[in-house]
Amino acid sequence: MLRSKLRALLLGAGTAALMSATALVPTASAATAAPAADSGTTSASAAFWSCTVPPGYTYTGTRATYSCNSSGYRSTQYYVQQPSDGLRACTVPAGFTYTGTRTTYSCNINGYRGTEYALATPRDGLRTCTVPAGFTYTGTRTTYSCNINGYRGTEYALATPRDGLRACTVPAGFTYTSTRATYSCNINGYRSNLYTLRAL
């Protein structure tokens, strides 16, 4: 009888100790919390929360906070970082184009989903959703990859202008020596001109 009471008493004490130890261990959700505000890092490429998007940066997320407003209302704080190839960002900075889009709450400003862009550095042969300055294009196709408003958009095959290139536009500093009608440069479902470029 005494032995069974002693066993029960020891078992109860062990259970209580285990529960106390468990309470001191951090939960998984605490360990994987959202990125905290900037802790004073000076690395130019490090992502951090900011009340503005500095020149040369883009942002990949937003949150509403009282930290950026002295008037007592919540305002938007941005998770900013330097742009790079393949980065999914909420803006397209100068010097970049994009190869795809999707709607997401990550780019939310006013409670609605915003557009997120897959950034890319322009180069020959790249298929993109815009034609950056200094480039022309040699073909198009319609795709949902370049969707902004729920409809299919146009995707362009980029090319650097040069003598003899058959292109869909005549960039500044070039003329053309011949043309032909083609569906390769189609934007609105009709044939358009393909130009043989010549530098001036």
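Along each chain, numbering runs from 1 in the same order as the chain's sequence is written. Local features are withheld for residues below a pLDDT of 70 in this predicted model, meaning they are given only at 70 or higher, and side-chain atom pairs are given and counted only at 80 or more; totals for whole chains, interfaces and linings count all residues. Side-chain numbers here rest on the full set of heavy atoms in the structure, without hydrogens or water.

Notes on the overall build of the chain
Step number 1: The helix count covers DSSP runs of H or I at least four residues long, the strand count covers runs of E at least two residues long, and both are numbered beginning at the N terminus. Per the secondary structure count, the chain includes 2 helices and 12 strands.
Step number 2: In the chain, the succession of α and β elements from N to C terminus is α-α-β-β-β-β-β-β-β-β-β-β-β-β.
Step number 3: By the burial criterion, 33% of the 200 residues in the chain qualify as buried.
Step number 4: Restricting the contact set of the chain to residue pairs at least 6 apart, pairs at least 24 apart contribute 53%.
Step number 5: Each accessible area is a Shrake-Rupley result for a 1.4 Å probe, and residues are judged covered by the shown protein chains and nothing else. Summing over all exposed atoms, the chain offers an accessible surface of approximately 12700 Å²; the carbon and sulfur share of this is 53%. Classification of residues uses two cut-offs on accessible area relative to the type maximum, computed with a 1.4 Å probe and protein chains only: under 20% is buried, over 50% is exposed, and between them is partly exposed. Pairs of residues are marked as contacts when any of their non-hydrogen atoms sit within 4.5 Å.

Comments concerning the pattern of salt bridges
Step number 1: Definition used for salt bridges: Asp or Glu carboxyl oxygen within 4 Å of a side-chain nitrogen of Lys or Arg. Enumeration according to the criterion identifies 3 salt bridges in this entry.
Step number 2: With its nearest N and O atoms 4.0 Å apart, the salt bridge here joins Glu 155 to Arg 127. Note that Glu 155 is positioned in strand 9 (residues 153-159) and Arg 127 in strand 7 (residues 127-128), a separation of 28 residues in sequence.
Step number 3: Taking the relative accessible area as the measure of exposure, Glu 155 reaches 5% and is therefore buried.
Step number 4: The partner of Arg 141 in a salt bridge is Glu 155, with the nearest N and O atoms 2.4 Å apart. Here Glu 155 lies in strand 9 and Arg 141 lies in strand 8 (residues 136-143), a separation of 14 residues in the sequence.
Step number 5: Among the charged side chains, a network of salt bridges with common partners joins Arg 127, Arg 141 and Glu 155.

Details of the pairing of strand 9
Step number 1: By the criterion of burial, strand 9 is predominantly enclosed, with 7 of the 7 residues buried.
Step number 2: Across 2 bridges, strand 7 lies against strand 9 in antiparallel orientation. Residue pairing for strand 9: Thr 128 is matched across the bridge by Tyr 156.
Step number 3: In this scheme, strands are said to pair when DSSP sees at least two bridges between them. Pairing geometry for strand 8 and strand 9, over 6 bridges, is antiparallel.

Looking at the state of the cysteines
Step number 1: We call a pair of cysteine sulfur atoms a disulfide whenever their separation is within 2.5 Å. For the structure on display, the rule yields 4 disulfides.
Step number 2: Two residues, Cys 168 and Cys 185, share a disulfide whose sulfurs are 1.9 Å apart. With the S-S bond torsion at -75°, the cross-link from Cys 168 to Cys 185 turns out left-handed. One end of the pair, Cys 168, is in the loop between strand 10 (166-167) and strand 11 (174-182); the other, Cys 185, is in the loop between strand 11 and strand 12 (192-199), with 17 residues separating them in the sequence.
Step number 3: For Cys 168, a relative accessible area of 9% translates into the label buried.
Step number 4: The connectivity of the disulfide-linked cysteines in the chain, indexed sequentially, is 1-2, 3-4, 5-6, 7-8.

Re the side chain of Ser 50
Step number 1: Residue position: Ser 50 is located in strand 1 (residues 48-50).
Step number 2: Look at Ser 50 and you get buried, because its relative accessible area is 12%.
Step number 3: A distance of 2.7 Å separates a polar side-chain atom of Ser 50 from the backbone oxygen of Thr 52. Contacts described as polar in this section are N or O atom pairs within 3.5 Å, which, within protein, must combine one atom able to donate a hydrogen with one able to accept it, while residues neighboring in sequence count only if both atoms come from side chains.

Brief notes about the sheet that holds strand 11
Step number 1: Spatial ordering of the open sheet is given by 10-12-11, a layout of 3 strands whose pairing is antiparallel. If you trace the sheet from one side to the other, it starts and ends with strand 10 and strand 11, each paired once.
Step number 2: By the bridge criterion, 2 bridges tie strand 10 to strand 12 in an arrangement that is antiparallel. Looking across to strand 12, one finds that Ala 167 is bridged to Tyr 195.

Some words on the nonpolar core
Step number 1: Only buried residues count toward a nonpolar core, which is a set of Ala, Val, Leu, Ile, Met, Phe, Trp, Tyr and Cys residues joined through side-chain atoms within 4.5 Å. Grouped together as the largest cluster of nonpolar side chains are 8 residues: Leu 87, Ala 89, Phe 96, Tyr 98, Tyr 117, Leu 119, Cys 129 and Cys 146.
Step number 2: Tyr 57, Val 80, Cys 90 and Cys 107 belong to the second largest nonpolar core, which has 7 residues in total.

Some thoughts on the environment of Thr 99
Step number 1: With respect to the helices, strands and loops of the structure, Thr 99 is situated in strand 5 (residues 97-104).
Step number 2: Look at Thr 99 and you get partly exposed, because its relative accessible area is 28%.
Step number 3: In this structure the C-alpha to C-alpha distance between Thr 99 and Ala 118, which are 19 residues apart in sequence, comes to 5.6 Å.
Step number 4: Leaving out residues up to four positions away in the same chain, Thr 99 has contacts with Ala 118, Ala 120, Leu 126, Arg 127, Thr 128, Cys 129 and Ser 145.

By themselves, these figures tell us nothing about what the structure is for.
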